[in-house]
Amino acid sequence: MKLPQSTHTDRPWRIHEIAPEFTVEDVWALPTPGGAGEFPRLVEAVFGSRFPDEAPLVVRLLWEARWKIGRLFGWDDKAAGLGVRVASLRDRLPYEIRTASLDCVVATAPFSPIYQLDDEFAAELANRTVHAVMHLGWVPDGAGGYRGQMAVLVKPNGRLGSLYMAGIDPLRRYVVYPALLRQIERQWRATAPAS
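What comes next concerns the included structure. (Residues numbered from 1 in each chain as written. Predicted model: local features only at pLDDT ≥ 70, side-chain atom pairs only at ≥ 80, totals over all residues. Heavy atoms only, no water.)

A short note on the nonpolar core
The line we're drawing: What is meant by a nonpolar core is a set of buried Ala, Val, Leu, Ile, Met, Phe, Trp, Tyr and Cys residues, joined one to another through side-chain atoms within 4.5 Å. Relative accessibility thresholds used throughout: buried, under 20% of the residue-type maximum; exposed, over 50%; partly exposed, between the two (1.4 Å probe, protein chains only). A run of DSSP states H or I qualifies as a helix once it reaches four residues; a run of E qualifies as a strand once it reaches two. Both are numbered from the N-terminal end. Here, residues are in contact when the closest pair of their heavy atoms is within 4.5 Å.
Counting 33 residues, the largest nonpolar core has Leu 30, Val 46, Phe 47, Leu 136 and Met 150 as the members making the most contacts within it. Elements with a contribution of two residues or more to this core: helix 3 (39-47), strand 3 (120-126), strand 4 (130-140), strand 5 (146-156) and helix 6 (158-190). Not counting residues within four places of it along the chain, the set of residues in contact with Leu 30 comprises Leu 42, Val 46, Leu 136, Arg 147, Gly 148, Gln 149, Met 150, Leu 181 and Ile 184. The next biggest cluster of nonpolar side chains, apart from the first, holds 19 residues, and it includes Phe 22, Val 27, Ala 122 and Val 133.

Shown next, in the form of structure tokens:
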């Protein structure tokens, strides 16, 4: 379910101090009910969900089209990425987060992990259009349990980046994210501990 941006911005996440110039694009409640210590399982479910390979055909076609267009226009060239066009947000981490995140789960391409804490994870990607962050949090569900929350933060790269984000907005909100959430839910259920 899509959530108001304030459900991300009002929480004391560490990402706020690390990426203050990024804009919150989307916030989603994840269909991942669980207990206090299950956040690492959430991170594994999100990055182990084999998205978009197991998504509906329309999502796979959109995903493939995006990468083909990116190759055609050089959006995803190494010179447009992390450590070249933009510095990794990992370089901004305070010492205590940097040392706590040494065993950070390896995110799958195109994302690179920034940090992982007990209730918070962030990964980033950069190309000619944007520098983006996927932020996962583990939040109380109001009924004594917890659930995952995903926020996408973006820093567009100039006019191209702003046009790109505007152009993909409806596809992202109404096609890609709903399919991703369904896949995360399936992965979450498949990896549930035996009761």
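Quick notes on the side chain of His 135
Structurally, the position occupied by His 135 is in strand 4. For His 135, a relative accessible area of 1% translates into the label buried. Look past the residues within four positions of His 135 in its chain and what remains in contact with it is His 8, Trp 13, Ile 15, Tyr 115, Glu 120, Phe 121, Ala 122, Gln 149, Met 150, Ala 151 and Leu 153.

A short note on helix 4 (residues 57-73)
Our working definition: By definition here, a helix of n residues has an expected span of 1.5 Å times n minus one.
Across its 17 residues, helix 4 extends 24 Å between first and last C-alpha, which sits within 8% of the 24 Å expected from 1.5 Å per residue. Structurally, helix 4 contributes buried residues whose contacts are with helix 6. Following helix 4 by one or two positions, Gly 74 adopts a phi angle in the positive range, close to 70 degrees.

Overview of the sheet that holds strand 1 (residues 23-29)
What counts here: A strand pair is defined by DSSP finding two or more bridges across the two strands. Lines fitted to C-alpha atoms define the axes here, with helix axes fitted over just the stretch in contact, and angles between the N-to-C directions of these axes take values from 0 to 180 degrees.
Strand order in the open sheet formed by five strands is 1-5-4-3-2, with antiparallel pairing between adjacent strands. This sheet does not close on itself; its edge strands, each paired only once, are strand 1 and strand 2 (112-116). Here the strands of the sheet are splayed against their neighbours by 20 degrees on average, with no regard to which way each runs. With four bridges joining them, strand 2 and strand 3 adopt antiparallel strand pairing. Across the sheet, residue Gln 116 finds its bridge partner in strand 3, namely Phe 121. Along the sheet, helix 3 makes contact with strand 2, strand 3, strand 4 and strand 5, crossing strand 4 at roughly 140 degrees. Contacts from helix 6 reach strand 1, strand 4 and strand 5 within the one sheet, and its direction differs from that of strand 1 by about 15 degrees.

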